[in-house]
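Here is how the chains run, residue by residue.
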Amino acid sequence: MSQPPTSPRHTALDASHRALGATMTDFAGWDMPLRYGSERDEHTAVRTRAGLFDLSHMGEITVTGPQAGEALDHALVGHLSALAVGRARYTMICAPDGGILDDLIVYRLAEQEFMIVANASNAQVVLDAVTERAAGFAGAAVRDDRDAYALLAVQGPESPGILKSVTDADLDGLKYYAGLPGTVAGVPALIARTGYTGEDGFELFVAPADAERLWQALTEAGVAAGLVPCGLSCRDTLRLEAGMPLYGHELTTALTPFDAGLGRVVKFDKAGDFVGRAALEAAAEKAAATPPRKLVGLIAEGRRVPRAGYAVTDASGAVVGEVTSGAPSPTLGVPIAMAYVDAAHAAPGTEGVAVDIRGTREPHRVVALPFYKRER
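About the cut-offs
- Residues numbered from 1 in each chain as written.
- Predicted model: local features only at pLDDT ≥ 70, side-chain atom pairs only at ≥ 80, totals over all residues.
- Heavy atoms only, no water.
- Core = buried A, V, L, I, M, F, W, Y, C linked by side-chain atoms within 4.5 Å.
- Buried < 20%, exposed > 50% of the residue type's maximum accessible area, 1.4 Å probe, protein only.
- Helix = DSSP H or I, 4+ residues; strand = E, 2+ residues; numbered from the N terminus.
- Contact = heavy atoms within 4.5 Å.
- Phe/Tyr/Trp six-rings, centres within 6.5 Å; stacked < 30°, edge-to-face > 60°.
- Lys NZ or Arg CZ within 6 Å of the ring centre and 35° of its normal.
- Polar contact = N/O pair within 3.5 Å; in protein donor to acceptor, adjacent residues only side chain to side chain.
- Axes fitted to C-alpha atoms, helices over the stretch in contact; angles between N-to-C directions.
- Parallel < 35°, antiparallel > 145°, perpendicular 65-115°, else oblique.
- Left-handed = near helix turned anticlockwise from the far one by under 90°.
- Nonpolar A, V, L, I, M, F, W, Y, C, P; charged D, E, K, R; others polar.
- Salt bridge = Lys/Arg side-chain N within 4 Å of Asp/Glu carboxyl O.
- Pairing = 2+ DSSP bridges.

Visitor: Please explain the nonpolar core as it appears in this structure.
Guide: Where a protein is soluble and globular, its nonpolar side chains tend to be buried together. Leu152, Leu163, Val184, Ile191, Leu204, Leu214 and Leu218 are the most contacted members of the largest nonpolar core, which totals 29 residues. Listing elements by their share of this core, those giving two or more residues are strand E10 (150–155), helix H5 (159–164), strand E12 (187–192), strand E13 (201–206) and helix H6 (211–221). Ranked by residues supplied to this core, first place goes to H6 with four residues. When neighbours within four sequence positions are excluded, Leu152 is seen to be in contact with Leu13, Phe53, Phe202, Glu203, Leu204, Val206, Ala211, Leu214, Trp215 and Leu218. Counting residues in hydrophobic clusters, the runner-up holds 25 residues, among them Cys94, Ile100, Ala260 and Val266.

Visitor: I keep staring at the packing of aromatic side chains and nothing clicks. Help me out?
Guide: Each aromatic ring pair is characterised by the separation of its centres together with the angle its planes make. Summed over all chains, the structure comprises five aromatic pairs. Residues Phe268 and Phe274 carry aromatic rings whose centres are separated by 6.2 Å and whose planes lie at 35° to one another, so their mutual orientation is tilted. Looking at Phe268, the relative accessible area reads 26%, which means it is partly exposed. Classification of Phe274 by relative accessible area gives buried; the value is 1%. An aromatic cluster is built from Tyr107, Tyr149 and Phe205, whose rings are joined through pairwise contacts. Geometry around Tyr372 places Arg47 over its ring, the cationic atom sitting 4.0 Å from the centre. A cation over a ring is seen here: Lys270 above Phe274, with NZ or CZ 4.4 Å from the ring centre.

Visitor: Explain the side chain of Asp31 to me, please; I cannot follow it from the model alone.
Guide: One can find Asp31 in strand E3 (residues 30–35). By relative accessible area, which is 13% here, Asp31 ends up buried. At 2.4 Å, the side chain of Asp31 forms a polar contact with the side chain of Arg18. Contacts of Asp31, omitting those with residues within four sequence positions, involve Pro8, Arg9, His10, Asp14, Arg18, Met24, Thr25 and Asp26.

Visitor: Would you take a moment to explain helix H3 (residues 68–75) for this structure?
Guide: Since the α-helix turns once every 3.6 residues, residues separated by three or four places project in the same direction. Of all the eight residues making up H3, six are buried; the element is thus mostly covered by neighbouring parts of the structure. Where H3 is buried, its residues contact strand E5 (59–64), strand E6 (88–94), strand E7 (100–110), strand E8 (113–118) and helix H4 (123–134).

Visitor: Got a minute to help me understand unusual backbone geometry in this structure?
Guide: Most peptide bonds are trans, and most residues other than glycine sit at a negative phi. Here the residue pair Leu369 and Pro370 is connected by a cis peptide bond, since its omega of 0° sits within 30 degrees of zero. Looking at the element boundaries, Pro370 is found in the segment after strand E20 (360–367). Of note, Ala28 is a non-glycine position whose phi angle comes to about 55°, a positive value. The residue Ala28 is located in the loop between strand E2 (23–27) and E3 in this model. Look at Ala28 and you get partly exposed, because its relative accessible area is 36%. The phi angle at Tyr177 is positive, at roughly 60°, despite the residue not being glycine. In this fold, Tyr177 is placed in the loop between H5 and strand E11 (179–184).

Visitor: Teacher, can you tell me more about the packing of helix H2 (residues 39–48) against helix H7 (residues 232–241) here?
Guide: Helices that pack against each other are described as a pair by the angle of their axes relative to one another and the distance between those axes. One way to put it is that H2 packs onto H7 with a least axis distance of 8 Å and a crossing angle of 50°. It follows from the interaxial angle that H2 and H7 lie oblique. When the axes of H2 and H7 are compared, the crossing they make is right-handed. Along the contact surface, H2 presents Glu39, Glu42, His43, Val46 and Arg47, while H7 presents Ser233, Cys234, Thr237, Leu238 and Glu241. In terms of residue class, the contact of H2 with H7 is made up of three nonpolar, three polar and four charged.

Visitor: Quick question: what am I supposed to make of the pattern of salt bridges here?
Guide: It is possible for side chains of opposite charge to pair when their charged atoms get near one another. Throughout the structure, instances matching the rule amount to 16 salt bridges. Among the ionic pairs, Asp14 bridges to Arg18, the shortest N-O distance being 2.8 Å. Here the residue Asp14 and the residue Arg18 both occupy positions in helix H1 (residues 14–19), the gap between them amounting to four residues, near one helical turn. Taking relative accessible area as the criterion, Asp14 reaches 15% and is therefore assigned buried. Measuring nitrogen to oxygen at the nearest pair gives 2.8 Å for the salt bridge that ties Arg193 to Asp200.

Visitor: Looking at this structure, I do not really get the pairing of strand E18 (residues 335–341). What am I missing?
Guide: Within a regular beta strand, the side chains point alternately toward one face of the sheet and then the other, so they alternate between its two faces. The element E18 is largely enclosed, with a buried count of seven among its seven residues. Of the two faces of E18, the one lined by Pro335, Ala337, Ala339 and Val341 and the one lined by Ile336, Met338 and Tyr340 are each fully buried. Relative to E18, strand E15 (residues 294–300) is paired through six bridges, and the arrangement is antiparallel. Bridge pairing links Leu295 to Tyr340 in E18. As defined by bridge partners, strand E17 (residues 319–328) adjoins E18 across seven bridges and the pair is classed as antiparallel. Directly across from Pro328, in E18, lies its bridge partner Pro335. The hairpin turn running from E17 into E18, its antiparallel successor, is six residues long, and Gly333 in that turn takes a positive phi close to 80°.

Visitor: Please clarify how H7 should be interpreted in this entry.
Guide: Summarising burial for H7: nine of the ten residues are buried, a large majority. Packed against the buried residues of H7 are E2, E3, H2, strand E4 (51–54), E17 and E18. Where H7 ends, the next residue or the one after it, Gly243, has phi of about 70°, a positive value.

Spelled out as structure tokens, the structure:
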């Protein structure tokens, strides 16, 4: 007998989203705000002012104990035991065959405490894999903390000023990919200088019971700076402009980090073995000897939008790649895409490249990623 469909979960900010008239969507089992009004306006606000996001669907997993670092070195491809307290690192968890199970951010909160943040769609997969892989380390314990946190993000050039007005934490001293405990609008929080938009910004991990209070305080603090609430739709176009990969699009179990051009996250020089090591060593050798398809940017010469799964062709019409993500770019004013293409057609400026959009070859220009990079 088939199981009845499971209703989407709601974040602690669900009432706030509905009061703002958000268009909601089911995303990875969560009822999430897609947009509040114009996604283009929300996108532009983050690029020029600031946007406020609810990211409470992300999956937090805590690893503690004297062997926590060693367990993570074994479970993930990165060298997490070398991570300094208060810093964060982008890394991945791979299957034994080298395929990417998820891309992650790991924070070292204390000498014997780490927090993994997994994508919502893969949180259970990551939890199960890390739990299994850490089982051989008596001095490491894995805890599912997905219900322990709500996650808010303030992103955009005005975000430091907005956050400074409601916290006495040392934001000026907080480096990119670092975090510190603090109080924001009276709410205890882990304040991290991380994000997925290509802009400066902060992610705030708080107790779910405090989420609505913090959302309202940040909304009020951001009025003068032009802060607006932002949904998942503009988050996707922001990350696309910034050339940031999305799991299920640029990253999948069929690809290794080397296939995705992210071999730098794999640390072969760390002590001990780690899951997927042999397969990843072979993938690294293969990539060095025979360059695989390369992830590139494509800018449309027309107005039609390339979408994930569309074929990329050369001047003769032969298929040389596939689009992984595509959308109109509010910042550039033209359609853009990321695509994996054969190495022979991956150089910026390569001529004759087109995307097959419903049977019509639409010319595109190959460019280096990212499409957009903020001034620092």
